[in-house]
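Residue strings, one per chain:
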Amino acid sequence: EPEVTQTPSHQVTQMGQEVILRCVPISNHLYFYWYRQILGQKVEFLVSFYNNEISEKSEIFDDQFSVERPDGSNFTLKIRSTKLEDSAMYFCASSDNRLIGNTIYFGEGSWLTVV
Amino acid sequence: AQTVTQSQPEMSVQEAETVTLSCTYDTSESDYYLFWYKQPPSRQMILVIRQEAYKQQNATENRFSVNFQKAAKSFSLKISDSQLGDAAMYFCAYRSANTGTASKLTFGTGTRLQVTL
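Below is a short write-up of the structure. (Residues numbered from 1 in each chain as written. Chains lettered and ligands numbered in written order. Predicted model: local features only at pLDDT ≥ 70, side-chain atom pairs only at ≥ 80, totals over all residues. Heavy atoms only, no water.)

**Some remarks on the overall build of chain B**
When helices and strands are tallied, chain B shows zero helices and twelve strands. Tracing chain B from N to C terminus, the helices and strands come up as β-β-β-β-β-β-β-β-β-β-β-β. Here chain B has a C-alpha radius of gyration of 14 Å; the compact-globule value for 117 residues is 13 Å, and the two agree. Projected onto its principal axes, the C-alpha positions of chain B cover 45 × 30 × 20 Å. Looking at chain B as a whole, 51% of its 117 residues qualify as buried. Residue pairs in contact within chain B that sit at least 24 positions apart in sequence constitute 56% of those at least 6 positions apart. (Helix = DSSP H or I, 4+ residues; strand = E, 2+ residues; numbered from the N terminus. Rg over C-alpha atoms; globule rule 2.2 N^0.38 Å. Buried < 20%, exposed > 50% of the residue type's maximum accessible area, 1.4 Å probe, protein only. Contact = heavy atoms within 4.5 Å.)

See below:
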């Protein structure tokens, strides 16, 4: 069964460093998402992406965050200058048609630890 | 804004028994989708079941079924014949059918399910 894949599974970075989290969505999907889950808390929406542009973002997704689909298969989340509070599990997700509410499929997550 | 509430932080069930996890939500919309996701210790988010709000019939997937009460804005998950592998965190989630906000899932805080022998 097709799946969303994410790399790295775990990354430790120093505060102030840039981090890029990578995702390969399911191949025929058109909509891509990043979600975040701070340890012990609920999953929170960050951003959705369609047709090479952001379609929606949350208040969490400030100027420190950016997303890109550089080569037609990968979908990346960049955090420019990481803060301690960015430590979380970051989930990439994809769906094939937002307009009919199709299911969003999640990757296994990238656990980011900022020290 | 929509909110999703899961009032049971933890639940426990014996193997082979049935358990029901509660979820309520608040919305002014009439068309939307509801989901239950399972998050095992591996932390992957796995879809368990989905329900379209326009459908009156409750969704079922093998041992998993829902009790969808639209007027009460309630969406509970029933797990029958519980198995050890069902032990996980379960998240209820809401997704609008409005095109402007259809992209995001709004999650509840989760219910941790323990399965005992």
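**Thoughts on the state of the cysteines**
All names here are of chain B. Scanning all chains against the criterion turns up two disulfides over all chains. One disulfide bridge connects cysteine 23 with cysteine 92, the sulfur atoms lying 2.0 Å from each other. Between cysteine 23 and cysteine 92 the disulfide shows an S-S torsion of about -70°. By sign, it is left-handed. With cysteine 23 in the loop between β3 (19–21) and β4 (24–26) and cysteine 92 in strand β10 (residues 88–96), the pair connects residues that are 69 residues apart, well separated along the chain. There is no split in this pair, since cysteine 23 and cysteine 92 are both buried. (Disulfide = S-S within 2.5 Å.)

**Some thoughts on the environment of leucine 34 of chain B**
Residues and elements named next belong to chain B. Locating leucine 34 in the fold gives a position in strand β5 (residues 32–39). For leucine 34, a relative accessible area of 1% gives the class buried. For the pair leucine 34 and lysine 104, spaced 70 residues apart in sequence, the C-alpha separation works out to 12 Å. Those residues in contact with leucine 34, other than ones at most four positions away along the chain, are Tyr25, Ile49, Arg50, Gln51, Phe68, Phe75, Ala93 and Tyr94.

**Here's the deal with the pattern of salt bridges**
Residue and element names in this part refer to chain B. Applying the stated rule across the entire model yields five salt bridges over all chains. A salt bridge links glutamate 52 to arginine 50, with the nearest nitrogen and oxygen atoms 3.0 Å apart. Given a relative accessible area of 13%, glutamate 52 falls into the buried group. For glutamate 52, the salt bridge goes to lysine 55, with nearest N and O atoms at 3.8 Å. Salt bridges sharing partners connect three or more residues here, namely Arg50, Glu52 and Lys55. (Salt bridge = Lys/Arg side-chain N within 4 Å of Asp/Glu carboxyl O.)

**A closer look at the nonpolar core**
Tyr25, Trp36, Phe75, Leu77, Tyr90 and Leu113 of chain B are the most contacted members of the largest nonpolar core, which has 25 residues in total. Elements with a minimum of two residues in this core: β3, β5, β6 (46–52), β8 (64–69), β9 (74–79), β10 and β12 (111–116) of chain B. At four residues, β10 of chain B tops the list of elements feeding residues into this core. Counting 22 residues, the second largest nonpolar core, distinct from the first, contains Val4, Cys23, Ile60 and Tyr90 of chain A. (Core = buried A, V, L, I, M, F, W, Y, C linked by side-chain atoms within 4.5 Å.)

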